[in-house]
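Spelled out, the chains give:
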Amino acid sequence: MNDQSGYRNLAGGGIARLAAAIESVRIEKRQANEPVLLFSAGDILGGPAFGWLPLREGLAPELNLFQRMGYDAITIGNHEFDYGPDVYARYLSDAGYPASAEQTVILGTNVRPPDDHPLSGRGIDNHFIKELDNGLRIGIFGLIGNDAISKTAEPGPVQFEDPFEAAQKAVEELQEQDVDLIISVNHSGVTEDRQLAELLPEIDIIVGGHTHTALHEPIYLEDTIIVQAGNYMQYLGRLELSYNRENDEVTILNEENNNNYLIPIDSTFSADEDISAEVERYTDILNGWIEDFTDGSVSHVRETIAHSDFP
C-alpha cells in the first residue's frame, strides 16, 4: 500500500528495508498457513528517485523492483504520465508487459488509451480475480481519482472515465463472477475513497493513495474498510482480516493479534540483499548518465551541487 517513492527511500535503503518487512510478514503468515496480498496505490514512476531512467529505452527500475518484491497489483497514478503515455507504454514493455501481468497486475479501471495507442496493448486490467488456496475469491479493481486525473502532467490522447461510474461497472461485473470479497486499490485520496464507499457499499476494502495520508487506524463507512499507508515508503500497511462465508462478514484482526496497521520502515529491518544490489545497479546507471550529461562535473545523484547561506 505504498504511494510515490522518493530517492532517499529507494537508493537510501528504504525499498530494500521495505522488502525485508514484507518478507517478515510473509514468513509469519506462511507459518500460520495464511495468505498475503500486496498492493501499491500508484505513483511508482516519476519523482526524484530513478524517475529519469525510464527516458532511456530498456529500463523500468521501479516496476522491476516491485515485481521482485512480489506485488499482486499496482494501480496507475498521475505520475505514471509525467513523461506522457508513449514513455509509460515503453516503460511497461521494458518491464515485460503484457506477459508480466501474470505476476503483477497493472490496474487502470477507468484509464482509456486509444485502441491504436501502444498503451492499449500493455495488459492494463479493468479488474481481476485472485483465488486463494482456501477457495476465497477476491475481486480487485483500481481507480485513478478525479483529483489525480486533474494532476496528470502529460496524458496525451489517454482518456479517463468517471471513476465512480467505472467502479460501478467493475463491481457489477465482479459480482456476476461470484466473488466473495471486493477490493478497490485507488489513487484517489481519502475524500474520494469515502465518497466511493458511500456510493458502493458492496466494496469491502479500499486501499488508498495519492493524498499521502498515513491512516494509523482504518476508516469505517458502514461495511467498507478504508486504509492508506502514507508516502515515500515510510510505512508498510498491514491489514489482517478474517471472512465468514455464512454471514458474509469481514472482521479485522489487527487488535486481536496486537499488530499495528502501519509498520515503520526504519533500521529495525536489515536491507534485503537482492533488492539492495538491484538498487545499486540502477544507481550506477543513473550516475553514469548524470556524469555524461554534466560533462563530468557531477558524478553521483546524491552529490551536493550548490550551497546556500540562508534557508
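Residues numbered from 1 in each chain as written. Predicted model: local features only at pLDDT ≥ 70, side-chain atom pairs only at ≥ 80, totals over all residues. Heavy atoms only, no water.

Trainee: How should I be thinking about the overall build of the protein chain in this particular structure?
Mentor: From N to C terminus, the protein chain includes eight helices and 15 strands. By principal-axis analysis of the C-alpha atoms, the protein chain measures approximately 65 × 45 × 40 Å. For the protein chain, buried positions account for 53% of its 311 residues. Expressed as a percentage of contacts within the protein chain between residues at least 6 apart in sequence, the contacts between residues at least 24 apart total 69%. Summing over all exposed atoms, the protein chain offers an accessible surface of approximately 14,300 Å²; the carbon and sulfur share of this is 44%. One finds the centroid of the 19 positive side-chain charges in the protein chain at a distance of 5 Å from the centroid of its 54 negative side-chain charges. (Helix = DSSP H or I, 4+ residues; strand = E, 2+ residues; numbered from the N terminus. Buried < 20%, exposed > 50% of the residue type's maximum accessible area, 1.4 Å probe, protein only. Contact = heavy atoms within 4.5 Å. Areas by Shrake-Rupley, 256 points an atom, 1.4 Å probe, with all protein chains shown as cover. Lys, Arg positive; Asp, Glu negative; His and termini not counted. Charge placed at Lys NZ, Arg CZ, Asp CG, Glu CD.)

Trainee: Would you mind showing me how to read the environment of Gly-77 here?
Mentor: Locating Gly-77 in the fold gives a position in the loop between strand E2 (73–75) and helix H4 (85–94). Other than its neighbours up to four places away in sequence, Gly-77 contacts Gly-42, Asp-43, Ile-144 and His-187.

Trainee: Explain the side chain of Asn-64 here, please?
Mentor: Within the secondary structure, Asn-64 is located in helix H3 (residues 61–68). Classification of Asn-64 by relative accessible area gives buried; the value is 19%. Sequence-distant contacts of Asn-64, that is, excluding residues within four places in its chain, are made with Ala-95 and Tyr-282.

Trainee: Help me understand the nonpolar core, please; the structure alone is not making it clear to me.
Mentor: Formed by 49 residues in total, the largest nonpolar core has its most connected members in Leu-63 and Leu-236. If you list the elements that add at least two residues to this core, you get helix H2 (14–31), H3, H4, helix H5 (146–150) and helix H8 (273–293). The dominant element in this core, judged by the number of residues it contributes, is H2, at eight residues. Residues Leu-143, Val-171, Val-179 and Ile-203 belong to the second largest nonpolar core, which totals 20 residues. (Core = buried A, V, L, I, M, F, W, Y, C linked by side-chain atoms within 4.5 Å.)

Trainee: Honestly, the confidence of the model for the protein chain in this entry has me stumped. Any pointers?
Mentor: Residues shown with low pLDDT carry predicted positions that ought not to be read at fine detail. When pLDDT is averaged along the protein chain, the result is 92; 95% of the residues meet or exceed 70. Of the regions scoring below 50 in pLDDT, residues 1–8 engages in 58 contacts with residues more than four places distant in sequence or in other chains. (pLDDT = per-residue confidence, 0-100.)

Trainee: Explain helix H6 (residues 163–176) here, please?
Mentor: Three- or four-residue spacings in an α-helix give side chains the same orientation, since the helix completes a turn every 3.6 residues. Helix length check: H6 (14 residues) gives 20 Å between terminal C-alpha atoms against 20 Å at 1.5 Å per residue, within 8%. Within H6, the full set of buried residues consists of Pro-163, Phe-164, Ala-166, Ala-167, Ala-170, Val-171 and Leu-174. In an axial view of H6, the angular spread of the buried residues amounts to 155 degrees, which keeps them on one side of the axis. The N-capping residue of H6, defined by a side-chain oxygen 3.0 Å from the backbone nitrogen of Phe-164, is Asp-162. Positive backbone phi, at 55 degrees, marks Asp-178, one or two positions downstream of H6. (Expected span 1.5 Å × (residues − 1). Arc of directions from axis to C-beta. Polar contact = N/O pair within 3.5 Å; in protein donor to acceptor, adjacent residues only side chain to side chain.)

Trainee: How should I be thinking about H4 in this particular structure?
Mentor: Those residues of H4 lying buried are Pro-85, Val-87, Tyr-88, Ala-89, Tyr-91 and Leu-92. On the buried face of H4, the contacting elements are H3 and strand E3 (105–107). Gly-96 sits one or two residues past H4 and shows a positive phi near 95 degrees.

Trainee: Would you mind going over the pairing of strand E8 (residues 181–185) with me for this structure?
Mentor: Within a regular strand, side chains alternate between the sheet's two faces. Counted residue by residue, E8 has five buried out of five residues, so it is predominantly covered. Both faces of E8 are covered, namely the face carrying Leu-181, Ile-183 and Val-185 and the face carrying Ile-182 and Ser-184. Pairing of strand E6 (residues 137–141) with E8 involves four bridges; the strand directions are parallel. Each bridged residue has a counterpart across the sheet, and for Phe-141 the counterpart in E8 is Ser-184. Both E8 and strand E9 (residues 205–208) contribute to a ladder of three bridges, which runs parallel. The residue of E9 that forms the bridge with Ser-184 is Ile-206. For the handedness criterion, the β-α-β arrangement of E8, helix H7 (residues 190–199) and E9 is classed as right-handed. (Pairing = 2+ DSSP bridges. Right-handed = clockwise from strand over helix to strand, strands pointing away.)

Trainee: Explanation requested: the layout of surface pockets in the structure shown.
Mentor: To find leftover empty space, one rolls a probe the size of a water molecule over the atoms. Reported here for the largest pocket is a volume of approximately 830 Å³. For the largest pocket, the lining is made up of 30 residues, of which Pro-35, Leu-37, Leu-239, Glu-240 and Leu-241 are closest to its centre. Secondary-structure elements contributing two or more residues to the lining of the largest pocket are H2, E8, E9, strand E12 (235–237) and strand E13 (241–244). Taken together, the residues of the lining of the largest pocket sort by class into 21 nonpolar, four polar and five charged. (1 Å grid on protein atoms, 1.4 Å probe; cavity = no way out; pocket = protein on both sides within 12 Å on 5 of 7 lines; lining within 4 Å. Points joined across faces, edges and corners; volume = space filled by probe spheres on them. Nonpolar A, V, L, I, M, F, W, Y, C, P; charged D, E, K, R; others polar.)

Trainee: Looking at this model, I keep getting lost on empty space enclosed by the protein. Mind explaining?
Mentor: Going through the model one piece at a time under the given rule, you end up with three cavities of 30 Å³ or more. Estimated volume of the largest cavity: approximately 50 Å³. Ile-44, Leu-63, Ile-74, Thr-75, Ile-76, Glu-80, Tyr-88, Tyr-91, Leu-92 and Ile-106 together form the lining of the largest cavity. Of all the elements, H4 adds the most residues to the lining of the largest cavity, at three residues. Split by residue class, the lining of the largest cavity holds eight nonpolar, one polar and one charged.

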